[in-house]
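Structural overview
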Amino acid sequence: MSSLAAAGVTVADVDYVMCTHLHTDHIGWNTRLVDGRWVPTFPNARYLLPAEDDEFFSVHAGKAYEKSVLPVVEANQSERVSGGHMLGDYISLIPTPGHTPGHVSVLIKSNNAEAIITGDALHTTAQMAHPEWHFKYDMDAEQAEASRRHLLGKAAERNQRVLGSHFALPSIGCVRAKGDAFEWDAD
Ligand SMILES: [Zn+2]
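These remarks concern the structure in this document. Everything quoted here is computed from the prediction, not taken from an experiment.

This part takes up the packing of aromatic side chains. This structure, assessed with the given rule, holds three aromatic pairs. Ring geometry for phenylalanine 167 versus tryptophan 184: centroids 5.3 Å apart, planes at 80°, classification edge-to-face. Of this pair, phenylalanine 167 sits in the loop between strand 10 (161–163) and strand 11 (172–178) while tryptophan 184 sits in strand 12 (residues 181–186); the two residues are 17 residues apart in sequence, bridging distant segments of the chain. Owing to a relative accessible area of 22%, tryptophan 184 belongs among the partly exposed residues under this scheme.

Have a look at this one:
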């Protein structure tokens, strides 16, 4: 919130919130506690939720879903989306299932440049050298590995900037193919 304020953006200015998946650590600022009630943090935003994640986590609802997703759904501010969804001309969602059933990564295009926000398709740059290393919380580890290899392959081929959601800082750089794996070139 303080970073948004520093950039001159208020909660009322935000028009879209995109959740790559519905794990606890990726939905926390969807809502905030006001007078003992969880309410959407961004009153004018549409919240895009991966459809298969929302289906899964609304049934297997834990405290995190109840606090950070349900209030948004009940306020009619949510929209279920799938991989391939376009947000304007420059932003689209790339299906990268496996970590969760509906996990998506976010592709941003500007002029001839492209960038990809990984979400949790990978958790550490070590998985570039070892895409076969499974992460403990990948719900379908084999599918997650296939998604990871596909994402990294495209990033190398198209020279995309990669923004890793869980990488150590600096969390932005480029990926190069190396044998049947990849190497990381941090900015
Ligand atoms: Zn996750």
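Having seen the structure, we can now continue with the description.
The next thing to look at is the coordination of the zinc ion. Ideal coordination angles are 109.5 degrees for a metal with four donors arranged tetrahedrally and 90 or 180 degrees for a metal with six donors arranged octahedrally. Coordination sphere of the zinc ion, protein contribution only: His21 (NE2), His23 (ND1), His99 (NE2) and Asp120 (OD), at 2.1 to 2.3 Å. Each of the four donor atoms bound to the zinc ion contributes to angles spanning 84 to 175°, and the resulting shape is irregular. Each donor residue of the zinc ion belongs to the same chain, with the gaps between them written as H-x1-H-x75-H-x20-D.

The subject of this paragraph is the sheet that holds strand 12. If you trace the seven strands from one edge of the open sheet to the other, you get 6-7-8-9-10-11-12, paired in mixed fashion. Strand pairing shows two members of the sheet lacking a second neighbour, strand 6 (86–87) and strand 12, which therefore form its edges. Both strand 10 and strand 11 contribute to a ladder of two bridges, which runs antiparallel. Bridging across to strand 11, leucine 163 finds its partner in isoleucine 172.

Turning to unusual backbone geometry, a few remarks are in order. Following leucine 169, the chain continues into proline 170 via a peptide bond in cis, with omega recorded as 0°. With respect to the helices and strands, the residue proline 170 is situated in the loop between strand 10 and strand 11. Its identity is not glycine, yet aspartate 35 carries a phi of approximately 50°, on the positive side. Within the secondary structure, aspartate 35 is located in the loop between strand 2 (31–34) and strand 3 (37–40). For aspartate 35, a relative accessible area of 82% translates into the label exposed.

Rules behind the numbers
- Residue numbers restart at each chain and count upward from 1, following the sequence in its written direction.
- Totals for whole chains, interfaces and linings use every residue, but because this is a predicted model, local features are given only for residues with pLDDT of at least 70 and side-chain atom pairs only at 80 or more, for both listing and counting.
- Based on all heavy atoms of the structure, the side-chain values leave hydrogens and waters out of the count.
- Between the rings of Phe, Tyr and Trp (Trp by its six-membered ring), a pair exists once the centres lie within 6.5 Å; its type follows the angle of the planes, with under 30 degrees stacked, over 60 edge-to-face, and the other angles tilted.
- Only DSSP runs of H or I reaching four residues or more are called helices, and only runs of E reaching two or more are called strands; each is numbered from the N terminus.
- A 1.4 Å probe rolled over the protein chains alone gives each residue an accessible area, and that area as a share of the maximum for its type sets the label: buried under 20%, exposed over 50%, partly exposed in between.
- Any nitrogen, oxygen or sulfur atom within 2.8 Å of a metal ion counts as a donor, with the limit raised to 3.2 Å for Na, K and Ca, and since water is left out, coordination shells can look unfinished.
- Square planar and octahedral sites, with four and six donors, are those where opposite donors lie more than 155 degrees apart and all other angles lie between 65 and 115, tetrahedral sites have four donors with every angle between 85 and 135 degrees, and the rest are irregular.
- Any two strands between which DSSP finds at least two bridges are classified as paired.

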